Amino acid sequence: MPRYAITIEYDGTPFVGWQMQAVGRSIQGRLEQAIAAFTGEQVGIRGAGRTDAGVHAIGQVAHFDLARPWAADKVREALNFHLRPDPIVARACREVTG
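Since the structure is predicted, the reported quantities are computational estimates derived from the model, not experimental observations.

Conventions adopted
- Residues numbered from 1 in each chain as written.
- Predicted model: local features only at pLDDT ≥ 70, side-chain atom pairs only at ≥ 80, totals over all residues.
- Heavy atoms only, no water.
- Helix = DSSP H or I, 4+ residues; strand = E, 2+ residues; numbered from the N terminus.
- Rg over C-alpha atoms; globule rule 2.2 N^0.38 Å.
- Buried < 20%, exposed > 50% of the residue type's maximum accessible area, 1.4 Å probe, protein only.
- Contact = heavy atoms within 4.5 Å.
- Areas by Shrake-Rupley, 256 points an atom, 1.4 Å probe, with all protein chains shown as cover.
- Lys, Arg positive; Asp, Glu negative; His and termini not counted.
- Charge placed at Lys NZ, Arg CZ, Asp CG, Glu CD.
- Phe/Tyr/Trp six-rings, centres within 6.5 Å; stacked < 30°, edge-to-face > 60°.
- Core = buried A, V, L, I, M, F, W, Y, C linked by side-chain atoms within 4.5 Å.
- Expected span 1.5 Å × (residues − 1).
- Salt bridge = Lys/Arg side-chain N within 4 Å of Asp/Glu carboxyl O.

Draft legend 1. Inspection of the overall build of the protein at higher detail. When you go through the protein residue by residue, the secondary structure sums to two helices and four strands. Ordering the α and β elements of the protein from the N terminus gives β-α-β-β-α-β. A compact globule built from 98 residues should have a C-alpha radius of gyration of about 13 Å, and the protein, at 12 Å, falls within 12% of that. Each of the three principal axes of the protein carries a C-alpha extent, and together these read 35 × 25 × 25 Å. Buried positions account for 42% of the 98 residues belonging to the protein. The long-range fraction of contacts in the protein, counting pairs at least 24 apart against all pairs at least 6 apart in sequence, stands at 66%. Entry remark: accessible area of the protein is about 5,400 Å², with carbon and sulfur atoms responsible for 51%. A gap of 1 Å separates the mean positions of the 11 positive and 10 negative side-chain charges of the protein.

Draft legend 2. Molecular detail of the packing of aromatic side chains. Inspection of the entire model under this criterion finds two aromatic pairs. Ring geometry for F38 and W70: centres 5.3 Å apart, planes at 90°, overall edge-to-face. Highlighted residues: F38 in helix α1 (residues 27-39) and W70 in the loop between β3 (57-65) and α2 (72-83), separated in sequence by 32 residues. Residue classification places W70 among the partly exposed residues on the basis of a relative accessible area of 22%.

Draft legend 3. Spatial organisation of the nonpolar core. With 24 residues, the main nonpolar core has I6, L31, F64 and L79 as its most contacted residues. Listing elements by their share of this core, those giving two or more residues are β1 (3-10), α1, β3, α2 and β4 (88-96). Beyond its immediate sequence surroundings of up to four residues, F64 is in contact with P2, R3, Y4, I6, I35, V43, G44, I45, V75 and L79.

Draft legend 4. α1, seen in detail. Taking 1.5 Å as the rise per residue, α1 with 13 residues should run 18 Å; its terminal C-alpha atoms sit 18 Å apart, in good agreement. Of all 13 residues making up α1, eleven are buried, and the element is well covered by its neighbours. Restricting attention to buried positions, one finds in α1 the residues I27, Q28, G29, R30, L31, E32, A34, I35, A36, F38 and T39. Taken together, the buried residues of α1 touch β1, β3, α2 and β4. One or two residues past the end of α1 sits G40, with phi positive at roughly 80°.

Draft legend 5. Quick peek at the pattern of salt bridges. Scanning the model with the defined rule gives five salt bridges in all. Among the salt bridges present, the one from E9 reaches R91, with a minimum N-O distance of 3.2 Å. You can see E9 sitting in strand β1 and its partner R91 sitting in strand β4, a full 82 residues away along the chain. With relative accessibility at 27%, the residue E9 sits in the partly exposed group. One salt bridge in this structure joins R25 and D86, with 2.5 Å as the shortest N-O distance. Placement of the pair is R25 in the loop between β1 and α1 and D86 in the loop between α2 and β4, with a sequence separation of 61 residues.

And the structure:
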C-alpha cells in the first residue's frame, strides 16, 4: 500500500481548523474529500500538526495511504483540481515509506 506525503499551504479563514469537527469545514475533511473524489477511496489523512480556526499554514506536511500506486505528480494535480475553489493547495507530493 503506497504512502504519500504532501506539503500543503492554506488560508484557514473559512475553516474550523485542521481537524474534523462535528460542525464546520476542516482542512483534514476537505483533503479527504478531494482524495476520495479522484481515487474512490475513503482515507484518513494524518497531519504533522494541527491549526486552530482561521489559522493559515505554509509548508504543513501530511500523509495518507492509497490502495494502489499513483504517480506523485498526478496525486498533487488531482488534489489541487478537486480542492478548488477552496484556498488549499498541495505544493508538493512524494511517495514515502513507513
